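Results of the structural survey
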Amino acid sequence: MTDAVHRLQDAGILVSLFLDPTPAQIDAGVETGAGAIELHTGAYAHASARHDAQAEIDILIAAGERVCAAGLILNAGHGLTYRNVKPIAAIDDMHELNIGHSIIARAIMVGLEQAVRDMKRLIR
């Protein structure tokens, strides 16, 4: 993985690794020299109870702190929707959220411009 990251960087590409929010995954990602880590938010998105969701948020917050402490850019995504994005957007130093599926699905009903506007309002 490290070799692939370096080849991409040598071509001028910012590399972001999509990783589970565990210390072992993040540490391995940092070791590659990537410039960013996108935290996998799937467990949070699939949490059914409020308590379960808060536990997943706490895991993501700790993971975000670890990413930032290593000097990398913090991104997150997977399963984020209009209903669950706010706590993830509120994580300190969150740089980018990947929410394409939810936005495009809503755009079918309200149009792309309105769907994007609605999401931007939620993540600010």
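The rules behind each value
- Residues numbered from 1 in each chain as written.
- Predicted model: local features only at pLDDT ≥ 70, side-chain atom pairs only at ≥ 80, totals over all residues.
- Heavy atoms only, no water.
- Helix = DSSP H or I, 4+ residues; strand = E, 2+ residues; numbered from the N terminus.
- Rg over C-alpha atoms; globule rule 2.2 N^0.38 Å.
- Buried < 20%, exposed > 50% of the residue type's maximum accessible area, 1.4 Å probe, protein only.
- Contact = heavy atoms within 4.5 Å.
- Areas by Shrake-Rupley, 256 points an atom, 1.4 Å probe, with all protein chains shown as cover.
- Lys, Arg positive; Asp, Glu negative; His and termini not counted.
- Charge placed at Lys NZ, Arg CZ, Asp CG, Glu CD.
- Core = buried A, V, L, I, M, F, W, Y, C linked by side-chain atoms within 4.5 Å.
- Salt bridge = Lys/Arg side-chain N within 4 Å of Asp/Glu carboxyl O.

Notes on the overall build of the chain
Helices and strands together make up the secondary structure of the chain, namely 7 helices and 4 strands. Walking the chain from its N terminus toward its C terminus, one meets helices and strands in the order α-β-α-β-α-α-β-α-β-α-α. Against the compact-globule benchmark of 14 Å for 124 residues, the chain has a radius of gyration of 15 Å, which places it among compact chains. Across its three principal directions, the C-alpha atoms of the chain cover 45 × 35 × 20 Å. For the chain, buried positions account for 35% of its 124 residues. Considering only contacts within the chain whose residues lie at least 6 apart along the sequence, 47% involve residues at least 24 apart. Working note: accessible area of the chain is about 7500 Å², and carbon and sulfur atoms make up 54% of it. On the chain, the mean spot of the 10 positive side-chain charges and the mean spot of the 15 negative ones are 14 Å from each other.

Quick word on the side chain of serine 102
Mapping serine 102 onto the fold places it in helix H6 (residues 100-110). Excluding residues within four positions of it along the chain, serine 102 makes contact with Leu80, Thr81 and Tyr82.

Focus: the nonpolar core
Leu39, Ile88 and Leu97 are the most contacted members of the largest nonpolar core, which totals 31 residues. Breaking this core down by element, the ones donating at least two residues are strand E1 (16-19), strand E2 (36-40), helix H4 (50-69), strand E3 (73-77), helix H5 (85-89), strand E4 (94-98), H6 and helix H7 (112-123). Aside from chain neighbours lying at most four places away, what touches leucine 39 is Phe18, Leu19, Pro21, Ile26, Leu60, Ala63, Gly64, Val67, Leu74, Asn75, Ala76 and Gly77.

With respect to the pattern of salt bridges
Overall, the coordinates contain 4 salt bridges when judged by the stated rule. A salt bridge links aspartate 27 to arginine 66; the nearest nitrogen and oxygen atoms lie 2.8 Å apart. With aspartate 27 in helix H2 (residues 23-32) and arginine 66 in helix H4, this pair connects stretches of sequence that are 39 residues apart. On the basis of relative accessibility, which here comes to 34%, the residue aspartate 27 falls in the partly exposed class. You can call arginine 66 partly exposed: its relative accessible area is 37%. Across the pair aspartate 118 and arginine 121 runs a salt bridge, and its minimum N-O distance is 3.8 Å.

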